[in-house]
Amino acid sequence: MNAMRPSTLETLGLGSVFDIFRRGQLPLDAAAAVGEVFGPAAARGSLVISGAGGTVGAGKAVQLGSRLARHGVTVVGLDLPGAPDGLARQFPGLVRAFGAAQAGAIMAGIVRLHYDGRILPERLRELRPRVLLEAVPEVLDLKRAHYRVFRDTFPEIEIRSVTSGFPSHALGVGIAHPAFPHEINKVWEIVEETPSAFTRLLWAIGLLPVPVSDHWSFVLDVLFCGLTLAALRQQRASNLPYWKSDKLVRRALGPNPFRAHDVIGAKGANFLTWSCLHHLSQQYGPLFAPTPELVQRKESGQNWYPPAHFRPLVDWAVTERDEEELQDWILGALIQMTSLLLHERRSHLTHLNAIGELCAQFRRGILAVIRELGPDAALRRVAAYHRLHPEAAGGPWYPETLAAIGTPPWQQLYVNAEHDGTIGVVSLARESYNHDVDAELNRALDWLQAAGIGRLIVSGDFHLSTQMSGADTAEFLPARGDAERGAAISRAWSATARRLHDDFRVSVGFIAGKRCLGGMLELMTHCHYLVAPENALLGMPEVTLPVVPGMEGCHWPLRKTDAAGRAKLLRLLLTGETVSGAEAAGWLVDYAGPMDASLAAAWEFASHAEARPLPRAAVELPPVPALPEAPSPQTDAARRAILDCVRGACAAPLAEALEAQARHAGAFMAGEWCGLSRT
């Protein structure tokens, strides 16, 4: 087997994406994983979450309970009698996600018990605890004492801590650190010697375990707490209000670190950030030393934004020099901190990059940002940061780690390719399409072509991308008001998508996640065949944003189907509705069935099918189907623009249709009705 880089699935002991298609089945199903961890159905054990009244404990009790209840696993929420009722605060969110009946059933599967902190309740024995997930306060001695109580009573119990900062070797247990926001984010940073049954269980029930190394404060907290610290230092130097620093950081990278602390709950979040930075500074020096403002707020629990905060009506501008200095403060610090993560080999590079996006709300992962800067510019940023904050120069700084930027692990952060000499598999590890994915996909296709691969499967990675949500709309913001710039993006991405059709003897798109929408669906329809599990959702929601589809969604799939299918596709494009894989079979997808059968079908197409010709002449359109009333003038304008694009692109021969669609997409992006904010 040949691969551009190791698959992230391999870090979980689950093989590669290529293995999944070759076997025609997933490496593990939820029922088997539950049985391995919690025992057989007739004697199923329970999951205990201690500290279940807190934000993390309550959020994870609900998240795990919603997935384990159907398998007969009881979740036990354990806490002190006077602890806050965090579980009750989770219920409205459950109702919104699942409906009242199912939310009630999930809560019924969570048993709440109290204890005095020293002696476990006798009833716990009846519930046969198999796993303890510890979420008690971040005090090392308290945690260790807590483990002793459980091990004395249940010697065989498996223990994982949700700690934000203490390493496994200090705690004496494994780590399962959940990312925030705790109720919904699926990422868990895992510290253990080898992939365990518990970690594989998390994957099997739809969560995202990410193995990281056993160092103080894990990847997420080095990045997010480090970003908060960099923003605090920039704020001290500039004397800007916190909201203004927040806005500038958001514009540069994506997150609002101060607002995030308030949203999570400043009292707890301030302490956790201080704790992580305090311990990091003890290990690595002043690069991570908390500022006085953070020390004060970890004591007071004070919000960063005042209550009922309103920004001033006059939002003063910053100069180019101010912007440049902000980049030095923020990016310089983050590049230096990232060099530490790289030096210590804290995680697979794709994981390290993805954690910033999936958990810390970075618009692009930190490695992708550094890669685009290039090593020389990155070194200059850190040098500028050291001039602003000389104390950091004495901290950990490993510029040699940036010398590897040109290697495949750095170059293929989002897209991997594997082949066996005949069939190639390209897997996407990002849920939205952007220019990084576009460049990496082209490199992957080049690599496969150079190896003489003529048969291709394109899929999600069965790990980090649990869905394919469409194009990253942040990519289009520079094109607001600039039709040519918007058209250029459409041309470039469409040219990449056409390679799936033109450059391979046969190509098969496979919908690996729970949904495939917008630009990602446009990409996948360029494959000769499209396969989807029967319950996957497919759709073109651009009309609801609104934007005009820019990767040939207004003509390519219409060329692949008959008149009846075109009528259904027109409705999809003009309403933004979704259809299941089963409903789309025969006009949008070529096969839809249960997951394992769909995997087998994709392999069969890739192994034995031949490409089908695509009509190159103009395509005749059916009458526009009856549509529900547009909910807003914006939607109505988008419908008209999309229909104009469909008519223009379908009336053109295939050779001219790409340019026709690009022009329509760019023109709408530059117009008054486009739904992308300029700010």
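About the thresholds
All residue numbers refer to position in the chain's written sequence, counted from 1. Local features in a predicted model are, by the rule used here, given only for residues with pLDDT of at least 70; side-chain atom pairs are given and counted only at 80 or more, and totals for whole chains, interfaces and linings are based on all residues. Neither water nor hydrogens contribute to the side-chain values; these are computed over all heavy atoms in the structure. Any two cysteine sulfur atoms lying within 2.5 Å of each other are counted as a disulfide. Any two strands are treated as partners once DSSP identifies two or more bridges connecting them. Counting from the N terminus, the helices are DSSP H or I runs at least four residues long and the strands are E runs at least two residues long. Axes here mean lines fitted to C-alpha atoms, for a helix over just the part in contact, with angles spanning 0 to 180 degrees between N-to-C directions. In this analysis, two residues are considered to be in contact whenever any of their non-hydrogen atoms come within 4.5 Å of each other. Working definition: a ring pair exists when centres of Phe, Tyr or Trp rings (six-membered ring for Trp) sit within 6.5 Å. Plane angles under 30 degrees give stacked, over 60 give edge-to-face, the rest tilted. Type-normalised accessible area, obtained with a 1.4 Å probe on protein chains alone, sets the label of each residue: buried when under 20%, exposed when over 50%, and partly exposed for intermediate values. Remark: a charge is flagged as sitting over a ring if the NZ atom of Lys or the CZ atom of Arg is within 6 Å of the ring centre and within 35 degrees of the ring normal. Both site types are read off a 1 Å grid over the protein atoms alone. A 1.4 Å probe that fits but cannot get out defines a cavity, while an open set with protein on both sides within 12 Å along at least five of seven lines defines a pocket; lining residues have an atom within 4 Å of a point. Grid points are joined across faces, edges and corners, and a volume is the space filled by probe spheres set on the points. Any residue outside Ala, Val, Leu, Ile, Met, Phe, Trp, Tyr, Cys, Pro, Asp, Glu, Lys and Arg is labelled polar, Gly included; the first ten of those are nonpolar and the last four are charged. Note that the arc is defined by the directions from the helix axis to the C-beta atoms. Residue ranges assigned to the domains are those given by an automatic or database domain assignment. Two parts placed together each lose some accessible area under a 1.4 Å probe, and adding up what both lose gives the buried area. We count a salt bridge whenever a side-chain nitrogen from Lys or Arg sits within 4 Å of a carboxyl oxygen from Asp or Glu. Whenever a nitrogen or oxygen atom comes within 3.5 Å of another N or O atom, the pair is scored as a polar contact, on the condition that within protein one atom can donate a hydrogen and the other can accept it, and that pairs from neighbouring residues in sequence are kept only if both atoms are in side chains. Throughout this description, the term nonpolar core refers to a set of buried Ala, Val, Leu, Ile, Met, Phe, Trp, Tyr and Cys residues connected via side-chain atoms within 4.5 Å.

**Looking at the state of the cysteines**
- If you walk through the whole model with that rule in mind, you get 0 disulfides.
- For the unlinked cysteine Cys225, the closest cysteine sulfur is that of Cys276, found at 4.3 Å.

**Details of the sheet that holds strand E18 (residues 537–539)**
- Ordered by their spatial adjacency, 3 strands build an open sheet running E16-E18-E19, and the pairing between neighbours is mixed. Strand pairing shows two members of the sheet lacking a second neighbour, strand E16 (515–517) and strand E19 (578–580), which therefore form its edges. Across the sheet, the mean angle from the axis of one strand to that of its neighbour is 20°, orientation sign disregarded.
- Here 3 bridges tie E16 to E18, and the two strands are oriented parallel to one another. Bridged to Arg515 within E18 is Leu537.

**Some points on the sheet that holds strand E8 (residues 187–191)**
- Across the sheet, which stays open at both edges, the 8 strands sit in the order E4-E3-E2-E5-E6-E7-E8-E9 with mixed pairing between neighbours. Edge positions in the sheet fall to strand E4 (110–114) and strand E9 (208–211), since each of these pairs with one other strand and no more. Shown here is a sheet whose adjacent strand axes are inclined to one another by a mean of 25°, direction ignored.
- Note: strand E2 (residues 46–50) against strand E5 (residues 129–134), 5 bridges, orientation parallel. Looking at the pairing, Val48 lines up with Leu132 of E5.
- Packed on one face of the sheet, helix H2 (residues 30–38) meets E2 and E5 and runs near 95° to E5.

**Notes on the packing of aromatic side chains**
- One pass over the structure, following the stated rule, counts 15 aromatic pairs.
- Pairing Phe271 with Trp274 gives two aromatic rings, centres 5.8 Å apart and planes at 40°, and the pair type is tilted. Of the two residues, Phe271 and Trp274 are both situated in helix H12 (residues 266–284); the distance of 3 residues between them amounts to about one turn of the helix.
- Note on Phe476 and Trp493: the rings are 5.8 Å apart at their centroids and 50° apart in plane angle, and the pair reads as tilted. You can see Phe476 sitting in the loop between strand E14 (470–471) and helix H20 (483–502) and its partner Trp493 sitting in helix H20, a full 17 residues away along the chain.
- Assessed through its relative accessible area of 10%, Phe476 is described here as buried.
- Here the aromatic residues Phe21, Phe462 and Phe510 are joined through ring pairs into a cluster of three or more.
- Looking at Lys298, its charged tip hangs above the ring of Trp274, at a distance of 4.1 Å from the centre.
- Against the face of Tyr414 rests Arg430, its NZ or CZ located 5.4 Å from the ring centre.

**A few points about empty space enclosed by the protein**
- Using the criterion set out here, one finds 2 cavities of 30 Å³ or more in the structure.
- Taken as a whole, the largest cavity holds about 60 Å³ of empty space.
- Contributing to the lining of the largest cavity are Leu521, Glu522, Thr525, Met540, Gly553, Pro557, Leu569, Leu572, Leu573 and Leu588.
- Residue assignment for the lining of the largest cavity shows that the elements contributing at least two residues are helix H21 (518–525) and helix H23 (563–575).
- When its residues are assigned to classes, the lining of the largest cavity shows 7 nonpolar, 2 polar and 1 charged.
- If you add up the space inside the second largest cavity, you get close to 40 Å³.
- Forming the walls of the second largest cavity are Arg5, Ser7, Thr8, Val17, Thr350, Asn416, Ser427, Ala429 and Asp461.
- Taken together, the residues of the lining of the second largest cavity break down into 2 nonpolar, 5 polar and 2 charged.

**Let's talk about H2**
- Every buried residue of H2 is accounted for by Ala30, Ala33, Val34, Val37 and Phe38. Buried residues of H2, seen end-on, are gathered within an arc of 105° and therefore sit on one face of the element.
- If you follow the buried residues of H2, they end up packed against E2, helix H3 (55–68), E5 and helix H8 (197–204).
- One or two residues past the end of H2 sits Gly39, with phi positive at roughly 90°.

**A look at the domain arrangement of the chain**
- Structurally, the chain comprises domain 1 (44–211), domain 2 (219–308 + 318–409) and domain 3 (414–670).
- Contact residues are listed per partner, giving 12 residues for domain 2 and 12 residues for domain 3.
- Around 840 Å² of area is buried between domain 2 and domain 3 when both sides are counted, 46% of it from carbon and sulfur atoms.
- Joining domain 2 to domain 3, the criterion identifies 4 salt bridges.
- Here Arg371 ties to Asp436 by a salt bridge, and the two come within 3.4 Å at their closest N and O atoms.
- Put simply, domain 2 and domain 3 have 8 residue pairs in polar contact (both at pLDDT 80 or more) between them.

**Considerations on the pattern of salt bridges**
- Evaluation of the coordinates by the stated rule reveals 33 salt bridges.
- Taking the shortest distance from any N to any O, the salt bridge between Arg22 and Asp19 comes out at 2.9 Å. Taken together, the residues span about one helical turn, with Arg22 and Asp19 both in helix H1 (residues 17–23) at a distance of 3 residues.
- You can call Arg22 partly exposed: its relative accessible area is 45%.

**Describing unusual backbone geometry**
- Of note, the amide linkage connecting Leu545 to Pro546 takes the cis form, showing an omega dihedral of -10°.
- Take Pro546: it is sitting in the loop between E18 and helix H22 (556–560).
- Backbone geometry places Ser217, a non-glycine residue, at a positive phi of 50°.
- Structurally, the position occupied by Ser217 is in the loop between E9 and helix H9 (219–238).

**Some thoughts on the pairing of strand E15 (residues 506–510)**
- A large share of E15 lies buried, amounting to 5 of its 5 residues.
- Residues Val506, Val508 and Phe510 line one face of E15 and the alternating positions Ser507 and Gly509 line the opposite face, and both faces are buried.
- As paired elements, strand E13 (residues 455–460) and E15 share 5 bridges and run parallel to each other. From the neighbouring strand, Arg455 faces E15, where its bridge partner is Val506.

**Quick look at helix H13 (residues 292–300)**
- Those residues of H13 that fall on the buried side of the exposure criterion are Glu293, Leu294, Arg297 and Lys298. Along H13, the residues classed as buried sweep out an arc of 130° about the axis, all on the same side.
- For H13, the elements touching its buried residues are H9, helix H10 (242–252) and H12.

**Regarding the side chain of Gln661**
- In this structure, Gln661 sits in helix H27 (residues 654–670).
- Not counting residues within four places of it along the chain, the set of residues in contact with Gln661 comprises Ser490, Glu522, Pro549, Gly550, Met551, Glu552, Gly553, Cys554, His555, Cys645 and Ala649.

**Considerations on the nonpolar core**
- Counting 157 residues, the largest nonpolar core has Ile330, Val426 and Leu538 as the members making the most contacts within it.
- Ignoring any residue separated from it by four or fewer positions in sequence, one finds Val426 in contact with Val415, Asn416, Ala417, Leu441, Ala444, Leu445, Leu448, Leu456, Ile457, Val458 and Ser459.
- Grouped together as the second largest cluster of nonpolar side chains are 61 residues, Ala33, Val37, Val506 and Ala609 included.

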